[in-house]
Amino acid sequence: MDRLTDFLFRNSKPVLAAWVLLAVVGGFFALGLEGRAVPGGEASESSQAEAVARELSANGVPSLFVVVTGRAAGGDADGRRALEPITAAIAGTEGVREVQPLPLPPPDPGSGPIVVLGVSATGGVDGSIDVANKLLDDEDRLTAEGSEVFLGGYGAHREELVQLSRSDLLRAEQVGLPIVLVVLLLTFGALWATVVPLVIGLSALVGGLGAAGALAYGIPFSEYVTNAASMVGLALAVDYAMFLVQRVRESLLRGMGVDDSVRHAMRTTGTAIAWSGITVVVAEATMFLVDSRAIRTAGLGMILVTVAAIVAALVGAPIVLRMLGLRILRKKDRQRLLAAGGAVVVDAEVSGFWARWGKRVTDRPGRWLVGATVLMALFCVPALDLADRVDLPSASAMPSDSQVRQATEAAAAAYGPGVISPVEVVVRATADTARTQAERVARVVSGDPEVRAATPVPLDRPDVYRVSVATVHSPSDDRTHDLVRSLRDGDLRGQLDGVVYEVGGETAMRIDATDALFASLPLMLAVLLGLVLLLLVVAMRSIVLPIKAVLLVVVSLGASTGGLLLLSTTEVGAALIGWSDPADLHPIVPITIVAIVIALSTDYEVILISRIAELFRGSGDNTGSIIDGVARTGRVISSAAAIMIAVFFGFALSDVTPLKQLGVGLAFAVLIDATVVRGVLVPASMQLMGRWNWWFPSSTRRPAPGRERRPEVVSGRAPSSDHPA
């Protein structure tokens, strides 16, 4: 780190100019990222549902529908005249191939006048999303006097999610950034020390999203990238900058010059940040193991902002801190330091509370370890049912004024929940046998009690037929899921031996998306934990500490997931966090939480353990190093956690279910990690392991532990002496 620091000091002006230029260019590309995002992509491209969607799209099967109620749905001459301009406006939209009334059974008499128009788009699924974008952006196309017009369908659902994500990102920033500012002011008590992490965080966010925006010209990023990357990038960059500011302030108060203080901070905390950042990137990279475009592009977006956070902290922050010098100190500390003529003053960066807390835990480590472990285990229990509590959100999870929700609910009330979004079976045979095979499928499927009607429909190619299966229950209902599974590899599949077909539709898409994500989860988790263990062994020069860290990561992950399930999927939990109804987790949420929680948990672990190890190298005192390390990092880690929670809380206010769940889950994960794990489990376990913490094969770098001493706590403050590496 000394070479990097010296290079930055010698070339501070050109490096600073390049940093500002990259931020400006990044901002330009970041502005266009949302417009280039491609919704969907949860399921594998090779899944049956995706294959059926491509086949139906190529044959002009409607992928969108428009529900019309009121005057234009009357069916008389006046109604037909009112319906014509609506149909013409939709048909005149760029990308629309055809608009025709859907062949539906008679509506429920109590539903009132209703017409459902099928809209087929050119360009497949992406084409239907583009058409939905144009229709939703131009409200005049979906407006008629005396009538209500609502747009529904898969493409419309995905487009509404994109639009809601954009507004939610702005809301999250409006909520989170003021809280971040307040926390930084309370932590540092100096304006310039507060500004540095904010500048570093925002520049990293702009740079990372700008890189994603540039790549989006060739890579179809999912709609979750901007929000997920913003969550991780801003929180990490602010945290990294906070750690550096705190370390530089500590050195200044001990009488070091500005340049030496920055060098010392880079040599110690900067090294810890580098290792932490590498671990975070590795954790995010394991998302590429999941066979899902949405997950892989979200992972790529998070990697880009994480790299930007590391670069901003290790390149931008040292230059800014050197320029500001003593101005990052509190006014009273600066005055005392100048009055003392550079002599060592009272170390204001040591927290008396955390010093007392560290002594309390190390006095009775066994009790604290057992109590904290039991608490974490209780939170882990709900995570055992994770596989049964995951599903794609239905239209009913959208806000009450959503076009898609209103269209879906109106159509379901009139025709039944499974008519508008049927199970689609694509039968493949020869031109001579395709119709016969399709009729056989329809006949067999019609005998299932879950099926309302099964209709064979010819497609453009004579060797392919479509069987549209209207179900009794909605696409999200478990009974409809069972029907799809029976068609694929159950009783219905056995009755259709010899028939080649694929099963698609909304229900199949939900199943395939969930299966694609969970099939990769064990491999992703195993690879991730193995890589984290290897990195920590190299970084910590210890065997026991990395193994302990990985075990704590697993416990933290289980407790975070279990806590989210309690809050999201139960009536009591949903009421506690202000949600109107409980909801199953979106499949993208557990995967993302696994990567981010392991990354963030390791981040705090590296910062805390590296400080304890630094103190131990100078003293050989395990207990004293633990107490002093907790005292010196407790305040800044707590503040960093509060900032992360503030950023994540902003996303918990989202109207989009996956973002809402991610915000709540990550905020809860950071809360328990910064309190129970870092405040209790880490110091208690390190105290019990004693000298074994520092054992490393054939190591000659570690001094043999000396006689244990306990630092005397005076007026609630730990000793101010430090032991730099």
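Residues numbered from 1 in each chain as written. Predicted model: local features only at pLDDT ≥ 70, side-chain atom pairs only at ≥ 80, totals over all residues. Heavy atoms only, no water.

This part takes up the overall build of the protein chain. Regarding its fold elements, the protein chain presents 24 helices and eight strands. The globule rule puts the C-alpha radius of gyration for 725 residues at 27 Å, and the 30 Å found for the protein chain is close to it. Among the 725 residues that make up the protein chain, the fraction classed as buried is 57%. Counting contacts in the protein chain only where the partners sit at least 6 residues apart, residues at least 24 apart contribute 80% of the total. About 28,300 Å² of surface is accessible on the protein chain, with carbon and sulfur atoms providing 60% of the total. (Helix = DSSP H or I, 4+ residues; strand = E, 2+ residues; numbered from the N terminus. Rg over C-alpha atoms; globule rule 2.2 N^0.38 Å. Buried < 20%, exposed > 50% of the residue type's maximum accessible area, 1.4 Å probe, protein only. Contact = heavy atoms within 4.5 Å. Areas by Shrake-Rupley, 256 points an atom, 1.4 Å probe, with all protein chains shown as cover.)

Spatially, four strands are ordered S6-S7-S5-S8 in an open sheet, and the strand pairing comes out antiparallel. Only two strands of the sheet have a single neighbouring strand rather than two, namely strand S6 (451-458) and strand S8 (500-505). This sheet shows a mean twist of 25° between the axes of neighbouring strands, independent of strand direction. Pairing analysis gives seven bridges linking strand S5 (residues 418-428) to strand S7 (residues 464-471), with the strands arranged antiparallel. Across the sheet, residue Gly418 finds its bridge partner in S7, namely Thr471. Sitting on the sheet, helix H4 (residues 48-58) touches S5, S7 and S8, and the angle it makes with S8 is about 90°. Most of the contacts of helix H16 (residues 434-446) go to S7, to which it runs at about 15°, and overall it touches S5, S6 and S7. (Pairing = 2+ DSSP bridges. Axes fitted to C-alpha atoms, helices over the stretch in contact; angles between N-to-C directions.)

Another point: the nonpolar core. Counting 154 residues, the largest nonpolar core has Tyr240, Phe243, Tyr604 and Phe648 as its most contacted members. Once residues within four sequence positions are removed from consideration, Tyr240 is found in contact with Ile273, Ser276, Gly277, Val280, Ala309, Ile310, Ala313 and Asp603. (Core = buried A, V, L, I, M, F, W, Y, C linked by side-chain atoms within 4.5 Å.)

Working definition: an aromatic ring pair is given by the centre-to-centre distance plus the angle between the planes. Following the criterion strictly, the structure yields eight aromatic pairs and no others. A centroid spacing of 5.3 Å and a plane angle of 70° characterise the contact between Phe379 and Phe668, whose relative ring orientation is edge-to-face. One end of the pair, Phe379, is in helix H14 (residues 365-380); the other, Phe668, is in helix H24 (residues 657-689), and 289 residues separate them in sequence. For Phe379, a relative accessible area of 24% gives the class partly exposed. What links up through ring pairs into an aromatic cluster is the set Phe353, Trp354, Trp357 and Trp368. For Arg322, the ring lying beneath its charged end belongs to Phe9, and the centroid distance is 4.2 Å. (Phe/Tyr/Trp six-rings, centres within 6.5 Å; stacked < 30°, edge-to-face > 60°. Lys NZ or Arg CZ within 6 Å of the ring centre and 35° of its normal.)

Take the pairing of strand S1 (residues 64-70) next. Residues in a regular strand project their side chains so that they alternate between the two faces of the sheet. Taking burial as the measure, the seven residues of S1 include six buried ones, the bulk of the element. Bridge count between S1 and strand S3 (residues 114-121): six bridges; the pairing is antiparallel. Across the sheet, Val68 pairs through a bridge with Val115, a residue of S3. Pairing between S1 and strand S4 (residues 147-153): seven bridges, direction antiparallel. Along S4, the bridge assignment pairs Gly70 with Ser147.

Turning next to the sheet that holds S4. The strand order S2-S3-S1-S4 describes an open sheet built from four strands, whose pairing is antiparallel. Each having just a single partner strand, strand S2 (96-101) and S4 make up the two edges of the open sheet. Across the sheet, the mean angle separating the axes of adjacent strands is 20° when strand polarity is ignored. Packing against the sheet, helix H5 (residues 77-91) makes contact with S1, S2, S3 and S4, and its axis sits at approximately 155° to S2.

One pass over the structure, following the stated rule, counts 26 salt bridges. Where Arg263 meets Asp260, a salt bridge forms, and the shortest distance between an N and an O atom there is 3.8 Å. Within this pair, Arg263 and its partner Asp260 are both found in helix H10 (residues 258-285), separated by three residues, close to a single helical turn. The partly exposed category is assigned to Arg263, whose relative accessible area is 22%. It is possible to trace a salt-bridge network through shared partners that takes in Arg247, Glu250, Arg611, Glu614, Asp628 and Arg632. (Salt bridge = Lys/Arg side-chain N within 4 Å of Asp/Glu carboxyl O.)

Positionally, Glu284 belongs in helix H10. Of note is the side chain of Glu284, whose polar atom sits 2.9 Å from the side chain of Thr306. Excluding residues that lie within four positions of it along the chain, Glu284 makes contacts with Val232, Gly299, Met302, Ile303, Thr306 and Ala595. (Polar contact = N/O pair within 3.5 Å; in protein donor to acceptor, adjacent residues only side chain to side chain.)

Quick look at helix H22 (residues 588-619) now. One full turn of an α-helix is made of 3.6 residues, so residues set three or four places apart face in the same direction. For H22, with 32 residues, the first-to-last C-alpha span of 47 Å sits near the 46 Å given by 1.5 Å per residue. Extensive coverage of H22 is indicated by the burial of 28 of its 32 residues. Positive phi shows up at Gly620, right after H22, with a value of about 70°. (Expected span 1.5 Å × (residues − 1).)

Along the chain, the position of Leu384 falls in the loop between H14 and helix H15 (403-415). Owing to a relative accessible area of 73%, Leu384 belongs among the exposed residues under this scheme. As for Leu384 and Gly558, which are separated by 174 residues in sequence, their C-alpha atoms are 8.7 Å apart.

Within the secondary structure, Gly624 sits in helix H23 (residues 622-652). As for Gly624 and Ile612, which are separated by twelve residues in sequence, their C-alpha atoms are 9.0 Å apart.

Here the focus is the packing of H10 against helix H19 (residues 506-540). In the contact formed by H10 and H19, the axes pass within 10 Å of each other and the chain directions differ by 165°. Relative to H19, the element H10 is oriented roughly antiparallel. By crossing handedness, the relation of H10 to H19 is classed as right-handed. On the side of H10, the interface is formed by Trp275, Ile278, Thr279, Val282 and Ala283, while H19 contributes Leu528, Leu531, Val532, Leu535, Val538 and Ala539. (Parallel < 35°, antiparallel > 145°, perpendicular 65-115°, else oblique. Left-handed = near helix turned anticlockwise from the far one by under 90°.)

What follows concerns a nonpolar patch on the surface. A grouping of Leu289, Leu523, Val527 and Leu531 is seen on the molecular surface, where their side chains present a nonpolar patch of about 290 Å² in accessible area. Structurally, Leu523 is set in helix H19. (Patch = residues over 30% accessible without salt bridge, like charges linked within 9 Å, V, L, I, M, F, W, Y side chains within 5 Å.)

This part is about the packing of helix H20 (residues 544-569) against H22. Relative orientation of the contacting elements H20 and H22 amounts to 140°, with a least axis distance of 9 Å. What the angle tells us is that H20 and H22 run oblique. Crossing geometry of H20 relative to H22 is assigned as right-handed. Facing H20, whose interface residues are Leu545, Lys548, Ala549, Leu552, Val553, Ser556, Leu557, Ser560, Thr561 and Leu564, H22 presents Val589, Ile593, Val594, Val597, Ile598, Ser601, Thr602, Glu605 and Ile609. Of the residues assigned to the contact of H20 with H22, the class counts are twelve nonpolar, five polar and two charged. (Nonpolar A, V, L, I, M, F, W, Y, C, P; charged D, E, K, R; others polar.)

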